Amino acid sequence: MNGPGFCPDCHRPVLWTRTLPGATTAGGKRLPVDRAPDPAGNTAIRRDGTTAWVSRRVTDQQPLMGYERLHMPHAATCRAQQTQLPLPLPKGVVRLDDRRRNRNR
Ligand SMILES: [Zn+2]
């Protein structure tokens, strides 16, 4: 799948891209990014020809080019994947897992 789609985990709209080879990665992987451009993101996306969306990591050595747009990788915002990428919780908010653990004590 390439192009607009939905996250299979949280069902939010994403844009499926194919990663380009990077300095440390072979590329060719499927990477979903949030559909709306995000200046805080670290992933540059562009169209490869007329069909496929491709993405790459923006670095100091390879900054954003004029023909690219900056997006946030969906894994950074996906609610279903927060156990893999824990976000800081507001004060007073208890993680559900912690509450369960306490109840079983
Ligand atoms: Zn998701």
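Anything mentioned here points back to the structure above.
All of these numbers come straight from a predicted model, not from anything done at the bench.

Undergrad: Looking at this structure, how should I read the coordination of the zinc ion?
TA: Ideal donor angles around a metal are set by the shape: a four-donor tetrahedron calls for 109.5 degrees, a six-donor octahedron for 90 or 180 degrees. Ligation of the zinc ion by protein atoms is provided by Cys7 (SG), Cys10 (SG), His74 (NE2) and Cys78 (SG), these donors lying 2.1 to 2.4 Å from the ion. Around the zinc ion, the four donor atoms are arranged such that angles at the metal cover 99 to 121 degrees; this shape is classified as tetrahedral. Here Cys78 falls in the buried class, since its relative accessible area comes to 1%.

Undergrad: Looking at this structure, I do not really get the nonpolar core. What am I missing?
TA: Looking at soluble globular proteins, one finds that nonpolar side chains tend to be buried together. Core analysis: the biggest nonpolar cluster contains five residues, these being Cys7, Cys10, Val14, Trp16 and Cys78. With near-sequence residues (within four places) excluded, Cys10 lies in contact with His74, Cys78, Arg79 and Ala80.

Undergrad: Hey, could you run me through the environment of Gly41 in this one?
TA: Its place among the elements puts Gly41 in the loop between β3 (30-34) and β4 (43-48). Since its relative accessible area comes to 12%, Gly41 is described here as buried. Along the sequence, Gly41 and Leu70 sit 29 residues apart, while their C-alpha atoms lie 5.9 Å from each other. In contact with Gly41, not counting residues within four places along its chain, are Leu70, His71 and Met72.

Undergrad: What exactly am I supposed to notice about the packing of aromatic side chains here?
TA: Scanning the model with the defined rule gives zero aromatic pairs in all. Geometry around Phe6 places Arg35 over its ring, the cationic atom sitting 5.3 Å from the centre.

Undergrad: Can you help me understand the layout of surface pockets in this one?
TA: Regions of empty space are outlined by a rolling probe, equal in size to a water molecule, passed over the atoms. Volume-wise, the largest pocket comes out at about 550 Å³. Taken together, 20 residues line the largest pocket, and the ones lying closest to its centre are Thr19, Leu20, Thr25, Arg56 and Arg57. Mapped by element, the contributors of at least two residues to the lining of the largest pocket are β3 and β5 (52-57). Among the elements that line the lining of the largest pocket, the one with the most residues is β5, at three residues. Residues of the lining of the largest pocket, tallied by class, amount to six nonpolar, ten polar and four charged.

What counts and how
Here, residues in each chain are numbered from 1, in the same order as that chain's written sequence. In view of the model being predicted, local features appear only for residues whose pLDDT reaches at least 70, and side-chain atom pairs are presented and counted only at 80 or more, with totals across whole chains, interfaces and linings using the full set of residues. By convention in this description, side-chain values take in all heavy atoms of the structure and omit both hydrogens and water. Sodium, potassium and calcium take a 3.2 Å donor cutoff, other metals 2.8 Å, and in both cases only N, O and S atoms count; water is not among them, so sites may look incomplete. For four-coordinate sites, all angles between 85 and 135 degrees define a tetrahedron; for four- and six-coordinate sites, opposite donors beyond 155 degrees with the remaining angles between 65 and 115 define square planar and octahedral shapes respectively, and all other cases count as irregular. When a residue's accessible area, from a 1.4 Å probe over protein chains only, is under 20% of the maximum for its type it is buried; when over 50% it is exposed; and in between it is partly exposed. By convention a nonpolar core is built from buried Ala, Val, Leu, Ile, Met, Phe, Trp, Tyr and Cys residues, the set being connected through side-chain atoms within 4.5 Å. Here, residues are in contact when the closest pair of their heavy atoms is within 4.5 Å. Secondary structure elements are defined from DSSP: runs of H or I of at least 4 residues count as helices, runs of E of at least 2 residues count as strands, and each element is numbered from the N terminus. Two rings from Phe, Tyr or Trp (for Trp, the six-membered ring) form a pair when their centres are within 6.5 Å of each other. A pair whose planes differ by under 30 degrees is stacked, one over 60 is edge-to-face, and the rest are tilted. Counting as a charge over the ring demands two things of the Lys NZ or Arg CZ atom: a distance within 6 Å of the ring centre and an angle within 35 degrees of the ring normal. In this analysis a 1.4 Å probe is tested at points of a 1 Å grid over the protein atoms alone, and where it fits but cannot get out there is a cavity; an open set with protein on both sides within 12 Å along at least five of seven lines is a pocket; lining residues have an atom within 4 Å of a point. Grid points are joined across faces, edges and corners, and a volume is the space filled by probe spheres set on the points. In this count, Pro and Cys sit with the nonpolar residues alongside Ala, Val, Leu, Ile, Met, Phe, Trp and Tyr, while Asp, Glu, Lys and Arg are called charged and the others, Gly among them, polar.

Structural measurements only, silent on function.
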